[in-house]
Structure formats: structure tokens, C-alpha cells
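Structural overview for review
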Amino acid sequence: MNRETREQRKPKPVKRIEISEKFSKRRLILAIFFAVLGIGAIVYAIASSLKTESGWKTIETSSSAETNYSSDFSFSYNLGQGELSASEEYKKIQTLYTDAMVKCYKIFHNIEEFEDVNNICYINKHPNEELVVDETLYHALEQVNKAKSRLLYFGPVYEQYTNLFHCKDDSETINFDPYQNEEIASYFSEIAMYANNPEEIDLKLLDNNKIILFVSADYLSYADETGFSNFIDFSFMKNAVIIDYVADLMQKNGYTAGSITSYDGFTRNLDNSNTSYTYTIFDRVGQTVYTAASMQYKNAQSIVFLYNYKLSDKDKNDRYELKNGEIRTPYIDETDGLCKSSTNNLLAYSKEKGCFEILLQILPIFTRDTFEKDQLNAIKQNGIYSIYGSDHVLYYNEPDLILSDFYQNNEITYTSILNQ
């Protein structure tokens, strides 16, 4: 290839194109504008997603919370009804709720100890010592003493029932079930003798939130030989204490547009705005559980529902159903430590009393061999009303109570009778 040809194929030099300074600045300004616009859109989208709307919302404990009992509860609140925005109100309620649930977890725990907390576990490990406890725990112990209940002292029995509830099949239950195992029944009877005798075990409540768990030398020796140290335990009563504490705390801080419910039958409605609410009443006949009717009510209310069957998946933690249909529950008779239910379900409610006080008053009626319905009218004098079912009839003792939405099909129709 000759030189001329090679030179003709050389690329032409690139010409430099001059861009005016005015045009360059304009493009820069537009680029910045659209960048800012994009960032603003992202920020707005994030802010919108985090914004809490007014209306009913479930209050969750914060993700940074330590282990707590909130999984046992559902807290619904009607946000944005006061001076605060819904977002601000949610944050304040969430903080209060989270702190309360973490606190309750620490003070009522019966297995684990926590630094600087004289909880149930710590008390059990330090019998006959003077201890200072949290005011919330002290108040709960005070209520137990006032009701003259001895159920708190059945810690060893509750431990066996917990083992029973976690059995995988019927073959394992014989090791823990007093109705199948005479040795376990005898053990429960021995515990009941100690638990019901203040000379063997008793809580001494002193001033300034100080307590002493008195345990006799004989009972300490028996516990050592048997291999337990959990003398006291709130067991199935714990959530009644917790829901009262949280509800009272919310009311004290002015947050009353909500309702707290536990999976195991405790409800505290905080609302005194004359808003109407509905509570579903369940009833068991034979092996079938019916949504028997609805109870209508207004204003703040405490509701306790005791039942000897499973209503939700969470009930597997404190119920065991044998293949023959028999069910073991955590509700024990303090005379012998055996789980009992004189009726399949009993609902009690009050505008003046908290859940724990209601529970302590109806347990001696529910946890017996025979249902004494006249006793319900006795506690009615204390402002505690009740509803129970029998043969597809709901019996109630509040004259002004409104029941609706009665269950019915081609064969069954629920009705109600005022029991005075």
C-alpha cells in the first residue's frame, strides 16, 4: 500500500466544540433541581409510610424492647381523638406500653432472675428474708392476702401442670396427671396441706413494699427432699395482674380510648366515652363450642372469662386435651390442687373492679366439683355480674344487660334467662 493511500486513511483531527457558559449553567441547575426533587420524593414516601393514621390501631411494643409478655396481649387504641396527632400519640403510648411489659416480665418471672429486681424467682430462693419488692408486685400480693386466697402457694403443683400441658401425646401425660397417676395425686395432696397452712408458708407484708416469704423448717426440708424451690407462683393468674397494671397505667396517663385483651380471657376496656362495644360469649355443650351470643356494653369495663376448652392455638400452652375428650386446665381447686371446672365456662364483669379482683372472687365458684350458681348472686353485691351457659341457655344476673346475636340453626337456638 502506497504512502498516499495510508495518508488518506488517517482520521481527521477532532474539532473542539465550544459550549457557552450560559448553556452549561442551565443544565447544571436543572440537574440539581431534578436531583433535589427525587430526594424529596423519596423522603416524602418514607415519611408517609411512617406516618400513623387516625383511627383504631394495634399498639405493638417497640422492636428494641427486651423480652416481655406482650405476645399474650392485644392492645387496640383509637388514635388521634385528642390534642396529639395520631403519630405522636402512638409513640407515647408505645413507649409506655413497652416499658410496662418489660417491667412485668422481670418482676413476675418465676424461673429467671434479673439484676436489681426482687422478683418471684428471687423471692422463692430467699425464704425467711426481708426483701423490698416493686410496688406493682406488692400490690398484687396485697390483693391475694385480702381475698384470703391460698392459690399463690401452689407453685410445685403449677410446675407439674406446665409439664403436663407440654406433653406431645397421651402416653406422656401419666407422669404428670393426678387423675391418671395416684403418686402425683398424693403429691398434690401433700402440697395442698402445706399450701393451705399459714404456719407452714405465708407471705408477710410489711411497710414500704417490704415482704417476707415465711417457710417453715419442715416445709423447707420437704422441698429439699422433693426437689423444688418454687414455693409461690401467680401461674394462670399472672395475666390478670398484668392487664390491670397496664390498664391502670394508661388511664393514669390519660390514654383511655382503647381496650386490652389477653388470649386467656382477660379484658380491660378503658373507654368512658359512652361508645358501644360488643363482647362475644362462647359456650360449650358436650364437645361443641358455640358463639352463643354477644354482650353489649358501654364505658370502661373489666371482663374475665374462664373456660375448660381450647379457643385458640395459644391455649395449647395451658390446656391439654386427651384423646377421650377430657381436658386438663390450669384452674386448680385450692383444697386439693386438682384442676376442676364446675361449669364449662363462666364470664364475670365489673365496672368498678379490676380483672384480678374479679378472678379471685369467681375462682372458688369455678374450680369446684359442683356449680353453686347462688354464689354468683352473692358476689353480685360487690358489683361483679356474671353469665354462664347450660343446655343452650345463657343465664345472667344483671337486669339491664343487653344480649344479642344469639346462635341458631335448624336444630339449636340459644336463649337467655335472667337469674336473680
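Look up a bit, the structure's there.
A few points on the structure. (Residues numbered from 1 in each chain as written. Predicted model: local features only at pLDDT ≥ 70, side-chain atom pairs only at ≥ 80, totals over all residues. Heavy atoms only, no water.)

Helix and strand counts for the protein chain come out as 12 helices and 17 strands. In the protein chain, buried positions account for 48% of the 420 residues. Across the protein chain, every contact between residues at least 6 apart in sequence was considered, and the portion connecting residues at least 24 apart equals 64%. (Helix = DSSP H or I, 4+ residues; strand = E, 2+ residues; numbered from the N terminus. Buried < 20%, exposed > 50% of the residue type's maximum accessible area, 1.4 Å probe, protein only. Contact = heavy atoms within 4.5 Å.)

In this structure, Phe108, Ile232, Phe234, Met295 and Ile387 are the most contacted members of the largest nonpolar core, which totals 119 residues. Looking at which element gives the most residues to this core, the answer is helix 3 (residues 86–108), with 11 residues. Beyond its immediate stretch of four places on either side in the chain, Met295 contacts Tyr277, Thr278, Tyr279, Ile281, Ile303, Leu347, Tyr349, Ile387, Leu401, Ile402 and Leu403. (Core = buried A, V, L, I, M, F, W, Y, C linked by side-chain atoms within 4.5 Å.)

This part is about the pairing of strand 15 (residues 393–396). Examined bridge by bridge, strand 14 (residues 385–390) and strand 15 share 4 bridges and lie antiparallel to one another. Across the sheet, the residue bridging to Ser390 is Val393, located in strand 15. (Pairing = 2+ DSSP bridges.)

The tally for this structure, following the rule as stated, stands at 15 salt bridges. Residues Glu113 and Lys125 are paired through a salt bridge, measuring 3.1 Å at the closest nitrogen-oxygen approach. Of this pair, Glu113 sits in the loop between helix 3 and helix 4 (120–125) while Lys125 sits in helix 4; the two residues are 12 residues apart in sequence, bridging distant segments of the chain. Of the charged contacts, one joins Lys340 and Asp369 as a salt bridge, the two residues approaching to 3.3 Å between their closest N and O atoms. (Salt bridge = Lys/Arg side-chain N within 4 Å of Asp/Glu carboxyl O.)

Excluding glycine, most residues fall at negative phi; most peptide bonds, likewise, are trans. Of note, Asn209 is a non-glycine position whose phi angle comes to about 60°, a positive value. Assignment of secondary structure puts Asn209 in the loop between strand 4 (201–205) and strand 5 (210–215). Its relative accessible area of 23% is what places Asn209 among the partly exposed residues. With a phi angle near 70°, Asn299 is a residue other than glycine that sits in the positive phi range. Looking at the secondary structure, you find Asn299 in the loop between strand 9 (288–298) and strand 10 (301–307).

Turning our eyes to something else, we now look at the environment of Gly227. Position of Gly227 relative to the elements: it lies in the loop between helix 9 (217–226) and helix 10 (238–252). On the basis of relative accessible area, Gly227 is assigned to the exposed category, the value being 63%.

For the rest of this paragraph, the subject is the packing of aromatic side chains. Inspection of the entire model under this criterion finds 27 aromatic pairs. Taken together, Tyr194, Tyr219, Tyr222, Phe228 and Phe231 form an aromatic cluster joined through their ring pairs. Above the face of the Tyr90 ring, Lys57 is positioned so that its terminal group lies 5.6 Å from the ring centre. The ring centre of Tyr69 lies 4.0 Å from the NZ or CZ of Lys238, which sits over that ring. (Phe/Tyr/Trp six-rings, centres within 6.5 Å; stacked < 30°, edge-to-face > 60°. Lys NZ or Arg CZ within 6 Å of the ring centre and 35° of its normal.)

Strand order in the open sheet made by the 3 strands is 3-5-4, with antiparallel pairing throughout. Pairing within the sheet leaves two strands with one partner each, and these edge strands are strand 3 (130–132) and strand 4. For this sheet, the mean inter-axis angle between neighbouring strands, taken without regard to orientation, is 25°. Alignment of strand 3 against strand 5, held across 3 bridges, turns out to be antiparallel. Each bridged residue has a counterpart across the sheet, and for Val132 the counterpart in strand 5 is Lys210. (Axes fitted to C-alpha atoms, helices over the stretch in contact; angles between N-to-C directions.)

Within the secondary structure, Thr343 sits in the loop between strand 12 (327–328) and strand 13 (345–350). For Thr343, the residues in contact, after removing those within four places along its chain, are Asn308, Phe366, Phe371 and Gly389.

The next thing to look at is the pairing of strand 6 (residues 258–262). Summarising burial for strand 6: 4 of the 5 residues are buried, a large majority. With 5 bridges connecting them, strand 2 (residues 73–79) and strand 6 associate as antiparallel partners. Residue pairing for strand 6: Phe73 is matched across the bridge by Ser262. Note that strand 6 and strand 7 (residues 266–269) share 3 bridges and pair antiparallel. Across the sheet, the residue bridging to Ile260 is Arg268, located in strand 7. Hairpin geometry of strand 6 and strand 7 is characterised by an intervening segment of 3 residues between the two adjacent antiparallel strands and by a positive phi of about 105° at Gly265.

Here we come to the packing of helix 3 against helix 5 (residues 135–147). Between helix 3 and helix 5, the shortest axis-to-axis distance is 10 Å and the interhelical angle comes to 60°. With respect to each other, helix 3 and helix 5 are oriented oblique. When the axes of helix 3 and helix 5 are compared, the crossing they make is right-handed. Contacts between helix 3 and helix 5 involve Lys103, Ile107 and Phe108 on the former and, on the latter, Thr136, Leu137 and Ala140. Its residues assigned to classes, the contact of helix 3 with helix 5 comprises 4 nonpolar, 1 polar and 1 charged. (Parallel < 35°, antiparallel > 145°, perpendicular 65-115°, else oblique. Left-handed = near helix turned anticlockwise from the far one by under 90°. Nonpolar A, V, L, I, M, F, W, Y, C, P; charged D, E, K, R; others polar.)

Turning to helix 5, a few remarks are in order. An ideal rise of 1.5 Å per residue puts 18 Å on 13 residues; helix 5 measures up with 18 Å between its terminal C-alpha atoms. Where helix 5 is concerned, the buried positions are Thr136, Leu137, Tyr138, Ala140, Leu141, Gln143 and Val144. Among the structural elements, helix 3, helix 4, strand 4, strand 5, helix 10 and helix 11 (355–366) are those in contact with the buried residues of helix 5. You can read the cap of helix 5 off the contacts: a side-chain oxygen lies 2.7 Å from the backbone nitrogen of Thr136, and it is on Asp134. Among the residues trailing helix 5, Lys148 stands out with phi positive, at a value near 60°. (Expected span 1.5 Å × (residues − 1). Polar contact = N/O pair within 3.5 Å; in protein donor to acceptor, adjacent residues only side chain to side chain.)

Its place among the elements puts Phe371 in the loop between helix 11 and helix 12 (374–380). Under the relative-accessibility criterion, Phe371 is labelled buried at 19%. With sequence-adjacent residues up to four places away left out, Phe371 is seen in contact with Ser342, Thr343, Ile365, Leu376 and Tyr388.

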